[in-house]
Amino acid sequence: MKERGGYHRMGQSILLRLESLKKRNCENKEAVNKDLYRLLCNKQLLTLAYNLIKSKPGNMTPGTDKLTLDKMSERLIDKTSRQLRDQTFKFKPVRRVFIPKGNSKDIRPLGVPSSRDKVVQKAMLLIMDNIYETTFSTHSHGFRPGRSCHSALKEIRSEWSGIKWAIEGDIKGCYDNVNHQILINILREKIKDERFIQLLWKLLRAGIEVNRTIERSKIGTPQGGILSPLLANIYLNEFDKFVSNLSQKIGLTYNKTRRDNPEYHKIRGKIYRLRTKRTVSGTVNVQPSKSDLKQIQILSKTQRTLPSKDPFDPQYRKILFIRYADDWIVGVIGGHEFAQGIKEQIQTFLKEQLELTLSPEKTKITPFSSKKVTFLGYKLQISARSSYSSSGRHKKRTVGWQPKLYIPMDKIVRKLSEKNFCTKTGTGIKKKGWILYPDKIIVQRYNYVIRGLRNYYAPADNFGTSMNRIEYILKYSCVHTLAAKHRTQISTQLERTEELGLDTMKSHKNNIWDFKTKPVQYNQLLSSYVKRTQLLSASECTICQSKENLEMHHVKALRKDGALLSDKYMIALMQRMNRKQICVCRTCHMDIHYGKYDGNSLSIIELE
């Protein structure tokens with residue numbers, strides 16, 4: 001094993017190479033990248049990739065080879081690097097599992113790669129992210145560093161004023177229908193390294209194991225793979241560029257700004273004339289009479305309800321779009337026929353250029369001012385109401401046509417009902433699966449749900465009323481759960497919830513701009529991992545101090561709901577070290593799995 005300082009220096013050198021790759025592609029969008037495969041074979045890059053995935057929740061999920069990241073060692077890293085260099089490395093078929101899809105009864109397929117494949121995929125991701133991240137559209141928010149659902153919603157609130165039509169897009173099985181040849185052709189535009197391309201072919205053609213039968217994949221990228229989100233973003237970036245080009249063409253064809261609203265400026269002229277009078281020498285300000293002041297007040301009130309620009313200007317047309325992974329929405333300013341034409345152009349492009357199909361039932365054109373559109377768990381709508389707000393000495397007038405974000409209470413209640421927090425009508429009921437937990441853990445779990453919903457829906461325009469109802473449902477679900485556990489009356493447990501720390505609020509005030517967005521440099525994140533990790537840098541076994549045959553012992557989790565999962569020696573040791581992995585020799589590792597250390601005291605070894 002490498003000494004800790006040496007490992008840190010090697011990790012930094014890899015980061016410098018990745019940063020150089022990113023800088024080159026940022027400065028030149030048409031840059032062609034060569035010799036990437038040699039970088040991929042670098043053992044330090046593979047070690048960094050392992051560090052980045054070692055503590056993820058799925059690292060102990062076995063693939064088709066029945067192995068996990070447990071027993072990872074420098075020997076395996078060396079072997080993987082060697083196989084990559086001589087091009088004998090092969091991706092194993094992914095194990096297909098099915099999970100529920102959203103709120104429906106449908107299921108979504110996920111692919112579980114093998115442990116070594118995860119490391120290689122992550123290393124490929126580190127390289128490709130630094131090539132493509134700077135080339136992606138600013139309107140793409142899914143699976144990108146520093147971007148999230150909230151960054152997409154923030155863009156809608158800040159830029160989508162005046163949108164008349166929303167084209168809600170739904171691509172049929174987007175991930176499962178990615179054409180391999182089209183994807184490789186897109187990748188070849190920026191990657192001129194045939195060995196790297198051939199490795200990508202191996203990944204795409206690795207196949208899927210379903211019911212112990214291997215099915216060779218001819219199209220699609222398996223959902224659940226580490227590299228799949230980036231490959232999908234690269235593929236759909238062609239769609240982003242198409243819509244951007246379409247928007248630019250429309251901007252050149254039609255007026256760039258709306259014409260003045262004649263009604264607004266007519267009233268403005270009346271107010272001006274009432275406040276001034278003409279003389280031989282020119283126009284001067286005068287003190288209006290009481291009747292004039294009253295008329296000015298009435299006219300000003302009417303003026304504040306009118307837009308200064310004509311919202312129905314036929315010579316002003318515009319389209320905007322937002323994409324989060326395979327969910328996208330296009331906003332249109334113009335007539336319905338114009339919006340229909342945009343939809344048809346998008347449909348034709350996806351079919352002819354990317355061989356993707358829009359779902360006719362789910363892809364629709366919605367009048368944005370009269371109907372709500374569902375996107376990223378929110379209900380979106382353009383509000384026709386005018387408002388008048390002030391901030392210090394500055395006043396701001398908003399005359400409708402502003403995007404509003406609403407919490408979809410019907411869906412929230414349905415989801416809580418499916419999770420057994422309430423009835424279908426929203427009445428809180430006991431959560432049977434949590435009754436056996438300690439009281440503090442029960443309350444803590446309810447707090448996780450409350451805070452998660454509160455944070456995600458913080459920018460909603462109906463935050464106060466909706467969160468009051470959500471917290472009311474969860475509060476009484478918690479009370480019913482505690483009452484069922486202790487077999488007491490509801491009123492008794494209602495008083496205890498405050499003592500136990502149930503995080504409910506009497507009133508909810510929010511800031512509609514409270515989006516949880518924080519720009520971050522991707523390689524800064526990598527640097528933080530290099531600085532704080534000790535993985536694969538230990539020089540001896542944690543238990544017996546042997547320096548031979550060292551490998552990593554993994555556990556799935558140390559704690560759950562803040563409580564220790566086990567009092568067994570090894571888990572207790574790792575809990576005290578706050579590490580989900582420790583370095584041990586092969587002999588001690590086998591002893592751990594055979595249970596030799598269960599029940600022993602922590603005094604067996606001295607912790608650093």
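As the structure is a computational prediction, the values presented were derived from the model and not from experiment. (Residues numbered from 1 in each chain as written. Predicted model: local features only at pLDDT ≥ 70, side-chain atom pairs only at ≥ 80, totals over all residues. Heavy atoms only, no water.)

A. Inspection of the overall build of the protein chain at higher detail. Of regular secondary structure, the protein chain possesses 19 helices and 19 strands. In the protein chain, buried positions account for 48% of the 608 residues. For the protein chain, restricting intrachain contacts to residue pairs at least 6 apart in sequence, the fraction spanning at least 24 positions comes to 74%. Roughly 32200 Å² of accessible area belongs to the protein chain as shown, and the carbon and sulfur atoms make up 49% of that amount. (Helix = DSSP H or I, 4+ residues; strand = E, 2+ residues; numbered from the N terminus. Buried < 20%, exposed > 50% of the residue type's maximum accessible area, 1.4 Å probe, protein only. Contact = heavy atoms within 4.5 Å. Areas by Shrake-Rupley, 256 points an atom, 1.4 Å probe, with all protein chains shown as cover.)

B. Layout of the nonpolar core. Among the nonpolar cores identified, the biggest contains 89 residues, and I127, M128, L187, F196 and L200 are the most heavily contacted of them. Leaving out residues up to four positions away in the same chain, M128 has contacts with L187, F196, L200, L227, L230, L231 and I234. In this structure, Y316, I322, L416 and C478 belong to the second largest nonpolar core, which totals 49 residues. (Core = buried A, V, L, I, M, F, W, Y, C linked by side-chain atoms within 4.5 Å.)

C. Local environment of the sheet that holds strand β12 (residues 378-383). Ordered in space as β11-β12-β15, the three strands form an open sheet in which the pairing is antiparallel. On the outer flanks of this sheet lie β11 (373-375) and β15 (402-406), each paired with one strand and no other. The mean angle between the axes of side-by-side strands here comes to 35 degrees, regardless of whether they run parallel or antiparallel. The pairing of β11 with β12 spans three bridges and is antiparallel. Residue pairing across strands places F375 opposite Y378, the latter belonging to β12. (Pairing = 2+ DSSP bridges. Axes fitted to C-alpha atoms, helices over the stretch in contact; angles between N-to-C directions.)

D. Geometry of a positive patch on the surface. Where like charges cluster on the molecular surface, the positive patch consists of K79, R82, R85 and K92. With respect to the element layout, K92 can be found in the loop between α4 (74-85) and β1 (94-100). The class of K92 is partly exposed, set by a relative accessible area of 30%. (Patch = residues over 30% accessible without salt bridge, like charges linked within 9 Å, V, L, I, M, F, W, Y side chains within 5 Å. Salt bridge = Lys/Arg side-chain N within 4 Å of Asp/Glu carboxyl O. Lys, Arg positive; Asp, Glu negative; His and termini not counted. Charge placed at Lys NZ, Arg CZ, Asp CG, Glu CD.)

Any functional reading would require information that these geometric values do not contain.
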